[in-house]
Amino acid sequence: MSSETVHHEGLLTRKHEWVNDEEKATNRSWDKVYVVLHGNTLSCYKDKKKQDRIHHEPVLSLASAACRKATDYTKRPNVFRVKLATGGEYLFHAKHEAEMETWISQIVLATGTEPASASGSSQTMPATMEGSVEK
Ligand code: I3P
């Protein structure tokens, strides 16, 4: 990872799928969120003003998190998944493929893992995240 702090932000739509390895999120609606990636933290705000976090949730740590395109999620295009070290999982829906790829590469940088040399490599995602998500 470069010595420069990773920083990326923008509007995405988000679905919280899992609270941890065992517990499905109670609210699994898609929410518009203003996402701020800074260092290895991810904050999801209600809007660009960056005052209120969505659902008053805390900042999310991306340390040892995994991120890749959610190829198993077929209801929307350009969706990527972030799986936190806690087992928490989020889907993020980008407006187009380039936006999705930018987010994935920035988040992978922030997680402290090396980005995969070829896109789609399982290096960036545990095998359990491939295909259908069975818990
Ligand atoms: C959820 C909402 C989501 C849907 C989710 C529903 O209902 O319809 O769009 O996810 O399905 O629970 P609500 O808004 O009433 O909370 P998908 O768009 O991925 O289908 P789920 O229960 O299968 O996660």
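This structure is a prediction, so every number in the text was calculated from the model and none was measured. (Residues numbered from 1 in each chain as written. Predicted model: local features only at pLDDT ≥ 70, side-chain atom pairs only at ≥ 80, totals over all residues. Heavy atoms only, no water.)

Our next topic: the overall build of the protein chain. Looking only at helices and strands, one finds one helix and seven strands in the protein chain. Mapped from its N terminus to its C terminus, the protein chain presents α and β elements in the order β-β-β-β-β-β-β-α. Evaluated residue by residue, the protein chain yields a buried proportion of 43% over its 135 residues. Taking as baseline every contact in the protein chain between residues at least 6 positions apart, the subset at least 24 positions apart corresponds to 51%. Accessible area of the protein chain: about 7500 Å², with a carbon and sulfur share of 49%. (Helix = DSSP H or I, 4+ residues; strand = E, 2+ residues; numbered from the N terminus. Buried < 20%, exposed > 50% of the residue type's maximum accessible area, 1.4 Å probe, protein only. Contact = heavy atoms within 4.5 Å. Areas by Shrake-Rupley, 256 points an atom, 1.4 Å probe, with all protein chains shown as cover.)

Looking now at the site of the ligand. All residues adjacent to the ligand are K15, R28, S29, W30, Y73 and K75. Interatomic distance of 2.7 Å between a side-chain N/O atom of R28 and an oxygen atom of the ligand. Relative to its free-state accessible area of 500 Å², the ligand is covered by the protein chains to the extent of 51%. When the residues that make up the shell around the ligand are grouped by side-chain class, the tally is two nonpolar, one polar and three charged. (Near = heavy atom within 4 Å. Polar contact = N/O pair within 3.5 Å; in protein donor to acceptor, adjacent residues only side chain to side chain. Nonpolar A, V, L, I, M, F, W, Y, C, P; charged D, E, K, R; others polar.)

This brings us to the pattern of salt bridges. The tally for this structure, following the rule as stated, stands at eight salt bridges. A salt bridge links E89 to R81; the nearest nitrogen and oxygen atoms lie 3.1 Å apart. Here R81 falls in the buried class, since its relative accessible area comes to 2%. Salt-bridge contacts for K83 lead to E89; the nearest nitrogen and oxygen are separated by 4.0 Å. Across the pair, exposure class does not vary: K83 and E89 are buried alike. Here the residues in one salt-bridge network are E17, D21, D72, R81, K83 and E89, joined through shared partners. (Salt bridge = Lys/Arg side-chain N within 4 Å of Asp/Glu carboxyl O.)

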